[in-house]
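# Analysis of the macromolecular model
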Amino acid sequence: MTPKQIIGKISLWFAVLVIVSPAILFFLWMLSLSLKFEVDNAAYPPVFIPEHFAWKNYADVLASNRFVTYFFNSLIVTGSATALALMVGVPAGYGIARMAAHKSAIVILIARITPGLSYLIPLFLLFQWLGLLGTLVPQIIIHLVVTVPIVIWIMIGYFETTPLELEEAALIDGAGRWQVFRHVALPIAKPGIAVAFILAVIFSWNNFVFGIVLAGRETRTLPVAVYNMISFDQLSWGPLAAAALIVTLPVLLLTVFAQRQIVAGLTAGAVKGG
């Protein structure tokens, strides 16, 4: 290895360290807060590693504020919104890519970058008129506003990279367009579908505004549960940090275990050409 290559690798790792270190520091500090008693959290100078760990912070979070109920609500909302988004978005992305419908792709991009709050007020009035407020149904529907454009946009980029020769051969053999999509395009597009699935889960799971506006007392999701732990008279940093870590853990584990699929899908979708 030449000195130039060594310097390049050192520079790369240094840049990665500079970019990643703040996120790692914040995560470790959150972990420290969740394992300390309030006396240590209020101490000056700050205590990073306490002498005694306050495991009861996690126990208090799981036992209070309907946390388990909110967890299952998040599972239902995120799972339903992601499944429906894949059912709609994967065929839509395939159709737009194969028809080279660039105007439709621009519409999807606009829907993707438009803030979800733009849809919240009219949908809130609609759900209120239908009598659905306070249930999980409006949350699932409005989460599609976030997940469907993500899935379609990712799948457009991915299907544009897949070779057309296999599909053309299947069409010559007498297969229909739906059979080509199901038996040829879908198996090839599994890495892209994995990326779309993971990103849809992340954006849906972490959504806060929809849950606090459209949900009732029994149908709130986990981000709202963390917010409910903040009161005007007292702010307990230990349970609050523990709740935030519990909310983050499922998405974090999903991302760690599926990082190869994410890299493969994003890399393939970023390079156009047959």
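Residues numbered from 1 in each chain as written. Predicted model: local features only at pLDDT ≥ 70, side-chain atom pairs only at ≥ 80, totals over all residues. Heavy atoms only, no water.

Threshold: UniProt positions are given in the numbering used here, feature names are shortened, and annotations may be inferred rather than shown by experiment.
Going by an unreviewed UniProt entry, the chain carries the name Sugar ABC transporter permease and comes from Bradyrhizobium manausense. Quoted verbatim from the Subcellular location (unreviewed entry) field of UniProt, the annotation for the chain is "Cell membrane". Within the UniProt record for the chain, the comment given under Sequence similarities (unreviewed entry) is "Belongs to the binding-protein-dependent transport system permease family."

### Describing the overall build of the chain
What counts here: The helix count covers DSSP runs of H or I at least four residues long, the strand count covers runs of E at least two residues long, and both are numbered beginning at the N terminus. Each residue is placed in one exposure class: buried if its accessible area under a 1.4 Å probe, protein chains only, is under 20% of its type's maximum, exposed if it is over 50%, and partly exposed if it falls in between. What sets the accessible areas is the Shrake-Rupley method with a 1.4 Å probe; for residues, cover comes only from the shown protein chains. We treat Lys and Arg as the positive residues and Asp and Glu as the negative residues; His and chain ends play no part in the count. Every charge is mapped onto a representative atom, which is NZ of Lys, CZ of Arg, CG of Asp or CD of Glu.
Scanning the chain from terminus to terminus reveals 14 helices and zero strands. Reading the chain from its N end, one meets helices and strands in the order α-α-α-α-α-α-α-α-α-α-α-α-α-α. Counting only C-alpha atoms, the chain reaches 75 × 70 × 30 Å along its principal axes. Taken across its 274 residues, the chain has 35% of its residues classed as buried. For the chain, the accessible surface area stands at approximately 16200 Å², while carbon and sulfur atoms represent 73% of it. With 15 positive and 11 negative side-chain charges, the chain shows a spacing of 6 Å between the two charge centroids.

### A word on the packing of helix α3 (residues 56-63) against helix α13 (residues 237-257)
A pair of packed helices is characterised by two quantities: the angle between their axes and the separation of those axes. Quick note on the threshold: Lines fitted to C-alpha atoms define the axes here, with helix axes fitted over just the stretch in contact, and angles between the N-to-C directions of these axes take values from 0 to 180 degrees. Geometric relationships in this document are graded by angle, where less than 35 degrees denotes roughly parallel, more than 145 denotes roughly antiparallel, 65 to 115 denotes roughly perpendicular, and other angles denote oblique. Residues are treated as being in contact if the distance between any of their heavy atoms lies within 4.5 Å. The nonpolar class holds Ala, Val, Leu, Ile, Met, Phe, Trp, Tyr, Cys and Pro. Asp, Glu, Lys and Arg form the charged class, and all remaining residues, Gly among them, are polar.
The geometry of α3 relative to α13 is characterised by a closest axis approach of 8 Å and an angle of 70° between their N-to-C directions. The orientation of α3 with respect to α13, classified from their angle, is roughly perpendicular. Between α3, through Asn 57, Tyr 58, Val 61 and Leu 62, and α13, the contact on the second element is made entirely by Gly 238, Pro 239, Ala 242, Ala 243, Leu 245 and Ile 246. Residue classes in the contact of α3 with α13 are distributed as eight nonpolar, two polar and no charged.

### What to know about the packing of helix α7 (residues 137-159) against helix α10 (residues 190-205)
Note the following rule: Each helix crossing is assigned a hand: it is left-handed if the near helix lies turned anticlockwise from the far helix by less than a right angle, otherwise right-handed if that turn is clockwise.
Packing of α7 against α10 leaves a shortest axis separation of 9 Å and a crossing angle of 155°. Considering the angle they form, α7 stands roughly antiparallel to α10. Both α7 and α10 take part in a crossing whose hand is right-handed. Along its contact with α7, which presents His 143, Val 146, Thr 147, Ile 150, Val 151, Ile 154, Met 155 and Tyr 158, the element α10 presents Pro 191, Gly 192, Ile 193, Val 195, Ala 196, Leu 199, Ala 200, Phe 203 and Ser 204. In the contact of α7 with α10, the residues fall into 13 nonpolar, four polar and no charged.

### Digging into the UniProt feature "transmembrane region" (unreviewed entry) in the chain
Feature annotation in UniProt assigns "transmembrane region" (unreviewed entry) to the following positions: residues 12-31, 70-94, 106-130, 136-159, 192-215 and 235-257. Helix makes up 88% of residues 106-130 and strand 0%, whereas the separation of the span's terminal C-alpha atoms amounts to 32 Å. Taken end to end, residues 192-215 has its terminal C-alpha atoms 32 Å apart, with 83% of it in helix and 0% in strand.

### Points about helix α1 (residues 3-34)
Note: α-helices contain 3.6 residues per turn, so residues at a spacing of three or four share the same orientation. The test is simple: Residue count minus one, scaled by 1.5 Å, sets the expected span of a helix. We define the bend at each residue as the angle formed by axes fitted to the 7 residues ending at it and the 7 residues starting at it.
Under the 1.5 Å per step criterion, the end-to-end length of α1 is 45 Å for 32 residues, consistent within 8% with the ideal 46 Å. The largest bend along α1 reaches roughly 40° and is located at Val 20, with the proline Pro 22 sitting one to four residues downstream. Among all positions in α1, only Ser 32, Leu 33 and Ser 34 are buried. Buried residues along α1 sit in contact with α2 (38-41), α3 and α13.

### Notes on the environment of Ala 100
As for its placement among the helices and strands, Ala 100 is situated in the loop between α4 (67-99) and α5 (102-113). Residue Ala 100 is classed as partly exposed on the basis of its relative accessible area of 41%. The spatial distance from the C-alpha of Ala 100 to the C-alpha of Val 39 is 62 Å, given a sequence separation of 61 residues.

### Here's the deal with the confidence of the model for the chain
As a note on interpretation, predicted positions should not be read in detail where pLDDT is low. Cut-off, in case you're wondering: The pLDDT score gives, residue by residue, the confidence of the prediction method on a 0 to 100 scale.
On average, residues of the chain score 80 in pLDDT, and 91% of them are at 70 or above. Of all the helices and strands in the chain, helix α14 (residues 259-270) carries the lowest mean pLDDT, 60, while α4 carries the highest, 88. The model gives residues 269-274 a pLDDT under 50, and that stretch makes ten contacts with residues more than four places away or in other chains.

### Thoughts on the nonpolar core
Inclusion rule: What is meant by a nonpolar core is a set of buried Ala, Val, Leu, Ile, Met, Phe, Trp, Tyr and Cys residues, joined one to another through side-chain atoms within 4.5 Å.
In terms of nonpolar packing, the biggest core is built from 34 residues, with Val 90, Val 151, Met 155 and Phe 159 touching the most fellow members. Among the elements of the structure, α4, α5, α6 (117-130), α7, α9 (177-188), α10 and α11 (209-214) are those that each provide at least two residues to this core. With residues up to four places along the chain from it excluded, the contact list for Val 90 reads Ala 85, Val 151, Met 155, Phe 159, Phe 181, Leu 186 and Ile 193.

### Some remarks on the side chain of Ser 204
Threshold: In the analysis that follows, any N or O atom pair within 3.5 Å is treated as a polar contact, provided that within protein one partner can donate a hydrogen and the other can accept it, and provided that, for residues neighboring in sequence, both atoms belong to side chains.
Position of Ser 204 among the secondary structure elements: in helix α10. Among the residues examined, Ser 204 registers a relative accessible area of 3% and is labelled buried. Engagement of the side chain of Ser 204 in a polar contact is seen with the side chain of His 143, the distance being 2.7 Å. If we skip the residues at most four places from it in the chain, Ser 204 touches Val 77, Thr 78, Ala 81, His 143 and Thr 147.

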